[in-house]
Amino acid sequence: MKIGIACPYSWDVPGGVQFHIRDLADELIGRGHEVSVIAPAVEGTELPDFVIPTGAAVPIPYNGSVARLAFGPRVNLQVRRWLAGGDFDVLHVHEPFVPSLAMLALMNAECPVVATFHTAMDRSKFLSIASPLLVPVLEKTRARIAVSEEARRTAVEHLGGDAYVIPNGVDVGAFTVSEKDPRFTGTPDSPTIGFLGRIDEPRKGLPILAAAVAPVLAQYPNARFFVAGRGDNSKALDILGDAAKAVTFLGSVTEEDKAAMLSSVDIYVAPQTGGESFGIVLIEAMSAGSFVVSSDIPAFQAVLEHGTYGDHFRSEDSADLARVILAAIADPERRAQTITAAEKAAWRYDWSTVASQILSVYSMAVRTAGHEVVGWGR
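Quick notes on the rules
Residues numbered from 1 in each chain as written. Predicted model: local features only at pLDDT ≥ 70, side-chain atom pairs only at ≥ 80, totals over all residues. Heavy atoms only, no water. Phe/Tyr/Trp six-rings, centres within 6.5 Å; stacked < 30°, edge-to-face > 60°. Helix = DSSP H or I, 4+ residues; strand = E, 2+ residues; numbered from the N terminus. Buried < 20%, exposed > 50% of the residue type's maximum accessible area, 1.4 Å probe, protein only. Pairing = 2+ DSSP bridges. Contact = heavy atoms within 4.5 Å. Axes fitted to C-alpha atoms, helices over the stretch in contact; angles between N-to-C directions. Expected span 1.5 Å × (residues − 1). Bend = angle between axes of the 7 residues up to and from the residue. Right-handed = clockwise from strand over helix to strand, strands pointing away. Salt bridge = Lys/Arg side-chain N within 4 Å of Asp/Glu carboxyl O. Parallel < 35°, antiparallel > 145°, perpendicular 65-115°, else oblique. Left-handed = near helix turned anticlockwise from the far one by under 90°. Nonpolar A, V, L, I, M, F, W, Y, C, P; charged D, E, K, R; others polar. Polar contact = N/O pair within 3.5 Å; in protein donor to acceptor, adjacent residues only side chain to side chain.

## Quick word on the packing of aromatic side chains
Okay, so step 1: The tally for this structure, following the rule as stated, stands at four aromatic pairs.
Okay, so step 2: With 5.1 Å between their ring centres and 85° between their planes, Phe184 and Phe226 make a pair best called edge-to-face. With a gap of 42 residues between them, Phe184 in the loop between β9 (164-165) and β10 (192-196) and Phe226 in strand β11 (residues 224-228) connect regions that are remote in the sequence. For the pair formed by Phe184 and Phe226, the shared burial category is buried.

## A closer look at the sheet that holds β9
Okay, so step 1: Strand order across the open sheet formed by seven strands is β3-β2-β1-β6-β7-β8-β9, with parallel pairing between neighbours. Of all the strands in the sheet, just β3 (51-53) and β9 have a single pairing partner and so form its edges.
Okay, so step 2: In this sheet, strand β2 (residues 34-39) lies alongside strand β1 (residues 2-6) in parallel orientation, the contact comprising five bridges. Paired with Ala6 across the two strands is Ile38, which belongs to β2.
Okay, so step 3: Helix-sheet contacts for helix α1 (residues 16-30) involve β1, β2 and β6 (90-94), and the interaxial angle to β2 is about 160°.
Okay, so step 4: Contacting β1, β6, β7 (113-117), β8 (143-146) and β9, helix α13 (residues 351-368) crosses the sheet at an angle of about 160° to β8.

## A look at helix α6 (residues 206-219)
Okay, so step 1: For α6, spanning 14 residues, the distance from its first C-alpha to its last is 21 Å, which sits close to the expected 20 Å at 1.5 Å a residue.
Okay, so step 2: At Val213, α6 shows its strongest bend, of approximately 30°, with the proline Pro215 following within four residues.
Okay, so step 3: Where α6 is concerned, the buried positions are Leu206, Ile208, Leu209, Ala210, Ala212, Val213, Val216 and Leu217.

## Some remarks on the pairing of strand β13 (residues 267-270)
Okay, so step 1: The two faces of β13 match: Ile267 and Val269 on one face and Tyr268 and Ala270 on the other face are all buried.
Okay, so step 2: Here β10 pairs with β13 via two bridges, running parallel. Each residue of the ladder has a partner; that of Gly194, found in β13, is Tyr268.
Okay, so step 3: Pairing analysis gives four bridges linking β13 to strand β14 (residues 291-295), with the strands arranged parallel. Paired with Tyr268 across the strands is Val292, a residue of β14.
Okay, so step 4: For the crossover that starts at β13, traverses helix α9 (residues 280-288) and ends in the parallel β14, the hand is right-handed.

## Some remarks on the pairing of β1
Okay, so step 1: Most of β1 sits inside the fold, with four of its five residues counted as buried.
Okay, so step 2: The parallel pair β1 and β2, bridged by α1, forms a crossover whose chirality is right-handed.
Okay, so step 3: Alignment of β1 against β6, held across four bridges, turns out to be parallel. When the sheet's bridge partners are listed, Ile3 is paired in β6 with Val90.

## So, the pattern of salt bridges
Charged atoms that come close allow side chains of opposite charge to pair.
Okay, so step 1: Tallied over the full model, the rule gives 21 salt bridges.
Okay, so step 2: Across the pair Glu27 and Arg31 runs a salt bridge, and its minimum N-O distance is 3.0 Å.
Okay, so step 3: Classification of Glu27 by relative accessible area gives partly exposed; the value is 22%.
Okay, so step 4: In this structure, Arg152 and Glu149 form a salt bridge, with 3.7 Å as the shortest nitrogen-oxygen distance. A residue pair is termed a helical-turn pair when its members lie 3 or 4 positions apart in one helix, as Arg152 and Glu149 do in helix α5 (residues 149-159) at three residues.
Okay, so step 5: We classify Arg152 as partly exposed; its relative accessible area is 27%.
Okay, so step 6: Sharing partners across several salt bridges, the network here consists of Arg198, Glu201, Arg203, Lys204 and Glu276.

## Structural notes on the packing of helix α2 (residues 73-86) against helix α3 (residues 101-108)
Okay, so step 1: Running from N to C, α2 and α3 cross one another at 55°; their axes reach a closest spacing of 9 Å. It follows that α2 is oblique to α3 by the angle criterion. For the crossing formed where α2 meets α3, the hand is right-handed. For the pair α2 and α3, contact is made by Val75, Asn76, Val79, Arg80 and Leu83 and by Leu101, Leu104, Ala105 and Asn108, respectively.
Okay, so step 2: Taken together, the residues of the contact of α2 with α3 break down into six nonpolar, two polar and one charged.

## A closer look at the environment of Pro332
Okay, so step 1: Turning to its location among the elements, Pro332 is positioned in helix α12 (residues 332-346).
Okay, so step 2: Relative accessible area serves as the criterion here: at 48%, Pro332 is assigned to the partly exposed category.
Okay, so step 3: Sequence separation of Pro332 and Ser294 is 38 residues, and the distance between their C-alpha atoms is 18 Å.

## Points about unusual backbone geometry
Okay, so step 1: With a phi close to 50°, Glu305 is a non-glycine residue in the positive phi region.
Okay, so step 2: Mapped onto the elements of the fold, Glu305 is located in the loop between α10 (298-303) and β15 (311-313).
Okay, so step 3: Glu305 sits in the partly exposed class, given a relative accessible area of 31%.
Okay, so step 4: One non-glycine residue, His306, lies in the positive phi region at around 55°.
Okay, so step 5: Within the fold, His306 resides in the loop between α10 and β15.
Okay, so step 6: Given a relative accessible area of 61%, His306 falls into the exposed group.

## Points about the side chain of Arg203
Okay, so step 1: Looking at the element boundaries, Arg203 is found in the loop between β10 and α6.
Okay, so step 2: Here Glu276 takes part through its side chain, which lies 3.1 Å from a polar atom of the side chain of Arg203.

Take a look at the structure:
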């Protein structure tokens with residue numbers, strides 16, 4: 001079948017939604033479907049064959065981060081041409097309430113439409129103002145998906161209706177590493193702690209972890225911390241002070257190095273302060289065999305099943321984070337048992353499972369629209 005996917009955010013600045021769309025497209029193509037993705041991307045960006053670029057996007061502050069969006073008459077014309085040429089059996093739009101080419105695709109679509117909501121937030125001035133205008137547009141959708149209960153709550157509260165909860169997918173096998181990487185491996189006297197996230201985005205929580213380094217070093221002077229992610233680390237260095245000597249900043253890392261770090265550190269810390277609807281990095285860490293310590297924001301509690309597959313600390317409380325890290329280091333047997341259970345649980349998020357659930361929603365959308373498509377269910 002022919003599937004069109006509209007990505008709201010710029011492809012040249014990697015993020016969770018872009019990765020979700022990329023991996024979903026790969027999985028669907030691997031099953032024999034024909035997939036085309038339209039997305040903003042600056043000229044010269046290395047793109048998969050299935051991505052159609054629409055040019056550069058504009059950075060706009062959104063939900064504690066910066067979203068790079070493309071909108072307007074020029075993009076609208078490109079989207080209309082893409083829809084006409086694609087002749088899609090189903091269109092899948094992501095974050096349709098964000099003013100982007102995904103919204104334009106929804107507005108112009110004549111085929112059945114499925115919408116996925118990724119964002120979780122408690123309040124949104126934009127959505128409060130815009131919802132009377134957005135609801136009629138979203139009524140064009142035949143089915144809605146939310147990547148978590150938090151994302152579903154946000155969509156329902158602001159826009160009404162309901163959504164199937166289907167989580168983000170992960171290529172679990174890509175994070176299953178047979179041997180630990182000596183660069184990141186610790187010892188009982190020199191434990192290793194990892195962090196992955198945009199360094200200069202406050203909600204990713206690096207300042208929370210930075211303030212917990214000194215208390216950990218007080219008990220384990222040879223502990224080592226690895227920080228991976230894009231951005232300026234100067235603020236973190238200011239917070240760390242003398243403790244900076246225990247921290248290695250890795251910058252942006254390849255998928256292979258990310259898997260190596262997650263599979264090798266003694267503890268992976270996810271100190272995000274909010275604005276997270278799911279927590280895909282937690283699933284990646286679980287898949288890799290890392291012991292996860294995360295903040296107790298609702299999305300992370302859902303992934304770890306309230307402490308079943310890792311430990312939580314009080315969000316934005318560095319002292320409590322240090323306490324939880326130290327307790328986990330001191331109990332390697334419990335860490336090992338939790339890791340074993342978490343590795344098994346991670347497979348429910350593998351793309352082999354998640355893509356089948358999404359295909360079922362596509363099938364329902366097409367049926368309710370009165371279309372006939374051969375080859376569903378693969």
